[in-house]
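Working through the structure, step by step
Spelled out, the chains give:
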Amino acid sequence: MYDKGKVLTGLAIFVIIVTFPIWYNASGSEHYPNPKILTKVKDCVMPLAYMRSSHMKLLVDWRDEVLRDGNRTKVTVDGVKYQRSLQDGCMYCHKSKTKFCDECHKYVGTEPYCWDCHFVPKETD
Amino acid sequence: MDVKRRKFLKIAGLSAVAGLAAPSAFNLLLNKGEALATEGRSGAKSEAHGEKSGETSRQYGMVIDLERLQRSPGLAEKCIHACNTEHNIPQYNNPKDEIKWIWLDDYRHSFPEHSQYKKNTALAKLPVVLLCNHCAHPPCVRACPTKATFKNSDGVVMMDYHRCIGCRFCMAACPYGARSFNWRRPREKDANGKYKFFPDGVNPEFPMRMRGVVEKCNFCAKRTLAGRLPACVEACGDSKALVFGDINDPKSEISQVLKAKYTIQRKPAAGTEPSVFYII
Amino acid sequence: MLEKALEGNNRYWAWIFFLLGVITIGGLFYVHQFHYGLGSTGMSRDVSWGIYIAQFTFMVGVAAGGVMLALPLYIHDYKVFGKIAILGEFMAIAAVAMCLMFITVDLGQPMRIMNVLLHPTPHSMLFWDMIVLNGYLFLNVVCGWGILHSVYKEVPPPKWAKPLVILSVPWAFSIHTVTAFLYCGLPGRHFWLTAILAPRFLASAFAAGPALLIIIALIMKHMGCFDPGKEAIQKLTTIIIYAAITNLFFVGLEFFTAYYSNVPEHMATLNYLFWGVDGHNSLVYLMRFGMFIGIAGIIMLLFQKFRQSDGWLGFCLALIFASLWIDKGVGFVLAGFVPNPFDRITEYYPTLSEISIALGVWAAGALILTLLYKIALKVEFKED
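Residues numbered from 1 in each chain as written. Chains lettered and ligands numbered in written order. Predicted model: local features only at pLDDT ≥ 70, side-chain atom pairs only at ≥ 80, totals over all residues. Heavy atoms only, no water.

1. Looking at the overall build of chain A
Along its length, chain A carries 6 helices and 2 strands. In sequence order, the secondary structure elements of chain A are arranged as α-α-α-β-β-α-α-α. Computed over C-alpha atoms, the radius of gyration of chain A comes to 22 Å, more than 25% over the 14 Å expected from 2.2 N^0.38 for 125 residues, which places it beyond the range of a compact globule. Each of the three principal axes of chain A carries a C-alpha extent, and together these read 70 × 35 × 25 Å. Across the 125 residues in chain A, those meeting the buried criterion constitute 22%. Total accessible area on chain A stands at roughly 9300 Å², and carbon and sulfur atoms take up 62% of it. Each charge class in chain A was averaged separately, 18 positive and 15 negative side chains, and the resulting centres sit 2 Å apart. (Helix = DSSP H or I, 4+ residues; strand = E, 2+ residues; numbered from the N terminus. Rg over C-alpha atoms; globule rule 2.2 N^0.38 Å. Buried < 20%, exposed > 50% of the residue type's maximum accessible area, 1.4 Å probe, protein only. Areas by Shrake-Rupley, 256 points an atom, 1.4 Å probe, with all protein chains shown as cover. Lys, Arg positive; Asp, Glu negative; His and termini not counted. Charge placed at Lys NZ, Arg CZ, Asp CG, Glu CD.)

Here it is in structure tokens:
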């Protein structure tokens, strides 16, 4: 093998960089997300599992339907009508951005740009 | 023989694929073009998920009576202010960053294609309310590479701020200077936590925009869907200086006004068929 | 083959690090622009495209110009260009890469650039521009690299190369035609709304691209790297002269139509560019200077004395190239926004940040070109 030393050093550096997230977080002082749903209502517009995995898709679909197709019909769950809107619909029940949205988004390190333009409703617990 | 057969099969297969794919691709193009070309004459069509509406579809429009606006001083400013606060239009106070949806200019510059030769100089100075024309054949919609700007089923030229990539092709395409770009972040706050560019406060019901997207008048699409009048029209009260409605509906108030009065449009030679009309 | 780019003398490395330095400065300014927004440029509501899009338009021309080598060689089997055709292809790669970079730095939301593919919009000319530019990049990378690789391996060029290089000839015409369509299909901009725009773009491209190529070839020759051969240079110079004269003729047609018809909208922008309007004359001297050096360069090249000397030839071609750059890389795009739709004049001055970013992109293009040429010369001529 040519340049044994160089190759091995390079490989070692590569492995360290690739595994960086694992040993960086290995300290164990990990904070697990615990989003709070601040409402007495039992049912969301979709089943819990779907909302957990695909709420972003639902929001994008609502957005396109409302903005592009002008379809502002409301979603009815248990006789309650909800607007198909993040600000005026979702946040009606999930009143706190910090305790609901940010909890998981921070954990997974994602930064949706919803609130760059839309207004966060006044937080009242 | 095998070699020949293979070759034949290859050629046959390729031509089949080409034969199937080419016409459909071609049709797609043709239909797009045709739809664009006939859009205005047969009424508006939605550019949103590709569905087309028939002849009966709406085309919202506006008649702006400059004489009535002249008669009540301050009314135009009131309309503009109503829009600015409704839609959170930032006030940068410099022409480089400026954003405007509805604004005032004089007749000479609003209708530069109209000759001022030997004409009454008072006319040149007449204030004119300007806004997006919501054209029947909008060049901006034609230019947009992502359909971020599109015509909705009410004939309104809409902006999808979530999709806009900020290429500003629509700004080059618009013959009316109706489009503004967010050269910077409008939501900046000062040291006291106050919004820097919204001296009159903000309307939490309507989103702001992010830097790097184009924006313009949306004929208050959110309000009209809820059965309300656009903010500028509402601000005019009963003055009838601004009349709003469906210009494709012969029974609408605006159609009656258009039938009764002589109106002009900005730059008709551009072939865009503007939906905003002026009574001088 | 890539390893060939890593062998060079001190002069080569100094040049590489100089380019990397310029790219870094541009990159730092871009980071600021990315966070602040395009307000860090001189663009405004009235002049909404600036030097980024102007450079983009010009570089599309440089990219298309390479076809003036490919066409005689591959269609007419003009063997004299056999040696330098690869230089044209590699220049096209660098130029198209610069085009894509200029488009990207001009976007307000560059992270969303893939929306053009996610929501394909055939009625937008920008959509087609994206297709033809990327297609041209692909063709030149595949053909240039493929043919060079066969030389490297000392085997005959692959069979698929021939149809692709022939396809690249009309494709070169298409990139500049579609780029012209970006402008000449807009109803409100009278300066751009002219059917002769695509041919004019092509004529200026077929002068600017080869001119740059010869200048680079002459520099390389005098640094002792490689000699493209006298006949190739002279033939290409003839092509450049014809293209430059054609371009000048087309510009003249614009002047005739505007001023003989006396239609105000048609005259307005030319007035602004060459005479100034109401004291707004930021481009007047530059445009006149550009026009002058362009004509001077063409006239000088009509004399054998200037054509036969490498120094004079390079100088004349530099004049023509600079003239075309001023015409298309500055005046054409910026002045299209003057006067604005309200018959008012807003002048545009690029900011330091904007200029640095544009220089960074130029340096990135030069870097790509240097590396590719290094490889090409090493492989094809076994030279430095």
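Moving on from the model shown.
2. Observations regarding the overall build of chain B
Helix and strand counts for chain B come out as 10 helices and 9 strands. The buried share among the 280 residues of chain B stands at 54%. Looking at chain B alone, contacts between residues at least 24 apart form 64% of all its contacts between residues at least 6 apart. Per element, the accessible surface of chain B, about 13000 Å² overall, is 57% carbon and sulfur. (Contact = heavy atoms within 4.5 Å.)

3. Notes on a nonpolar patch on the surface
Residues A:Val7, A:Leu8, A:Leu11, A:Phe14, A:Val15 and A:Val18 make up a contiguous nonpolar surface patch of roughly 540 Å² in combined accessible area. Taking the relative accessible area as the measure of exposure, A:Val7 reaches 34% and is therefore partly exposed. (Patch = residues over 30% accessible without salt bridge, like charges linked within 9 Å, V, L, I, M, F, W, Y side chains within 5 Å. Salt bridge = Lys/Arg side-chain N within 4 Å of Asp/Glu carboxyl O.)

4. Here's the deal with the packing of aromatic side chains
Counting across every chain of the model gives 40 aromatic pairs over all chains. Where C:Trp15 meets C:Phe18, the ring centres are 5.8 Å apart and the plane angle is 25°; that geometry is what we call stacked. Taken together, the residues span about one helical turn, with C:Trp15 and C:Phe18 both in helix H1 (residues 10-36) at a distance of 3 residues. Ring geometry for C:Trp312 and C:Phe315: centres 5.8 Å apart, planes at 80°, overall edge-to-face. Placement of both C:Trp312 and C:Phe315 in helix H13 (residues 310-335) is noted, with a separation of 3 residues, approximately one turn of the helix. Given the relative accessible area of 40%, C:Phe315 is considered partly exposed. In this structure an aromatic cluster arises from ring pairing among B:Phe169, C:Trp49, C:Tyr183, C:Phe191, C:Trp192, C:Phe201, C:Phe332 and C:Phe337. If you follow A:Lys95 out to its NZ or CZ, it ends over the ring of A:Tyr92, 5.7 Å from the centre. A cation over a ring is seen here: B:Arg187 above A:Phe119, with NZ or CZ 4.5 Å from the ring centre. (Phe/Tyr/Trp six-rings, centres within 6.5 Å; stacked < 30°, edge-to-face > 60°. Lys NZ or Arg CZ within 6 Å of the ring centre and 35° of its normal.)

5. Let's talk about the packing of helix H7 (residues 161-184) of chain C against helix H8 (residues 197-222) of chain C
Residue and element names in this part refer to chain C. Running from amino to carboxyl end, H7 crosses H8 at an angle of 135°, the nearest separation of the two axes being 8 Å. As the angle between them shows, H7 and H8 are arranged oblique. Here H7 runs over H8; the crossing is right-handed. Each of Phe173, His176, Thr177, Thr179, Ala180, Tyr183 and Cys184 in H7 lies in contact with H8, whose residues at this interface are Leu197, Ala198, Phe201, Leu202, Ala205 and Phe206. (Axes fitted to C-alpha atoms, helices over the stretch in contact; angles between N-to-C directions. Parallel < 35°, antiparallel > 145°, perpendicular 65-115°, else oblique. Left-handed = near helix turned anticlockwise from the far one by under 90°.)

6. Here's the deal with the pattern of salt bridges
All names here are of chain B. Summed over all chains, the structure comprises 23 salt bridges over all chains. Where Lys240 meets Glu253, a salt bridge forms, and the shortest distance between an N and an O atom there is 3.0 Å. Placement of the pair is Lys240 in the loop between helix H9 (231-235) and strand S8 (242-246) and Glu253 in helix H10 (residues 253-260), with a sequence separation of 13 residues. The class of Glu253 is partly exposed, set by a relative accessible area of 40%. Several salt bridges converge on common partners, so that one network encompasses Asp97, Arg184, Glu188 and Lys196.

7. Quick look at the sheet that holds S8(B)
Residues and elements named next belong to chain B. If you walk across this open sheet you meet the 3 strands as S8-S1-S9, and the pairing is mixed. In this open sheet, the two edge strands, each paired with only one partner strand, are S8 and strand S9 (276-279). Taken over all neighbouring pairs, the strand axes of this sheet differ in orientation by 20° on average, direction set aside. Note: strand S1 (residues 60-65) against S8, 5 bridges, orientation antiparallel. Bridge assignment links Tyr60 to a residue of S8, and that residue is Asp246. (Pairing = 2+ DSSP bridges.)

8. A look at the environment of C:Asn9
With respect to the element layout, C:Asn9 can be found in the segment before H1. For the pair C:Asn9 and C:Ala97, spaced 88 residues apart in sequence, the C-alpha to C-alpha distance is 26 Å.

9. Details of H8(C)
Residue and element names in this part refer to chain C. The end-to-end C-alpha distance of H8 is 37 Å, a good match for the 38 Å that 26 residues give at a rise of 1.5 Å each. For H8, a buried count of 22 out of 26 residues is recorded, marking the element as mostly surrounded by other parts of the structure. Directly after H8, the chain includes Gly224, whose backbone phi takes a positive value near 80°. (Expected span 1.5 Å × (residues − 1).)

10. Some remarks on the packing of H1(C) against helix H14 (residues 352-381) of chain C
All names here are of chain C. The interhelical angle for the contact between H1 and H14, taken along N-to-C directions, is 145°, at an axis separation of 7 Å. As H1 runs across H14, the sense of the crossing is left-handed. Taken together, the residues of the contact of H1 with H14 break down into 18 nonpolar, 6 polar and 1 charged. (Nonpolar A, V, L, I, M, F, W, Y, C, P; charged D, E, K, R; others polar.)

11. Structural notes on the side chain of B:Lys100
Mapping B:Lys100 onto the fold places it in the loop between helix H3 (75-86) and strand S2 (102-106). B:Lys100 has contacts with B:Ala178, B:Ser180 and C:Arg45, leaving out every residue within four places of it along the chain.

12. Topic: the state of the cysteines
Residues and elements named next belong to chain A. One pass over the full model with this rule turns up 0 disulfides over all chains. Just so you know, Cys114 is unpaired, no disulfide at all, and the nearest cysteine sulfur is the one on Cys101, 7.6 Å from it. For the unlinked cysteine Cys117, the closest cysteine sulfur is that of Cys114, found at 9.5 Å. Look at Cys117 and you get buried, because its relative accessible area is 9%. (Disulfide = S-S within 2.5 Å.)

13. Quick notes on the interface of chain B and chain C
The interface is formed by 53 residues belonging to chain B together with 43 residues belonging to chain C. Of the roughly 4000 Å² buried where chain B meets chain C, counting both sides, 55% is carbon and sulfur surface. At the boundary of chain B with chain C, the tally comes to 3 salt bridges. Across the pair B:Asp105 and C:Arg344 runs a salt bridge, and its minimum N-O distance is 2.7 Å. Counting the contacts that link chain B with chain C gives 32 residue pairs in polar contact (both at pLDDT 80 or more). Split into classes, the residues belonging to the side of chain B that touches chain C amount to 27 nonpolar, 7 polar and 19 charged. (Buried area = accessible area lost by both parts, 1.4 Å probe. Polar contact = N/O pair within 3.5 Å; in protein donor to acceptor, adjacent residues only side chain to side chain.)

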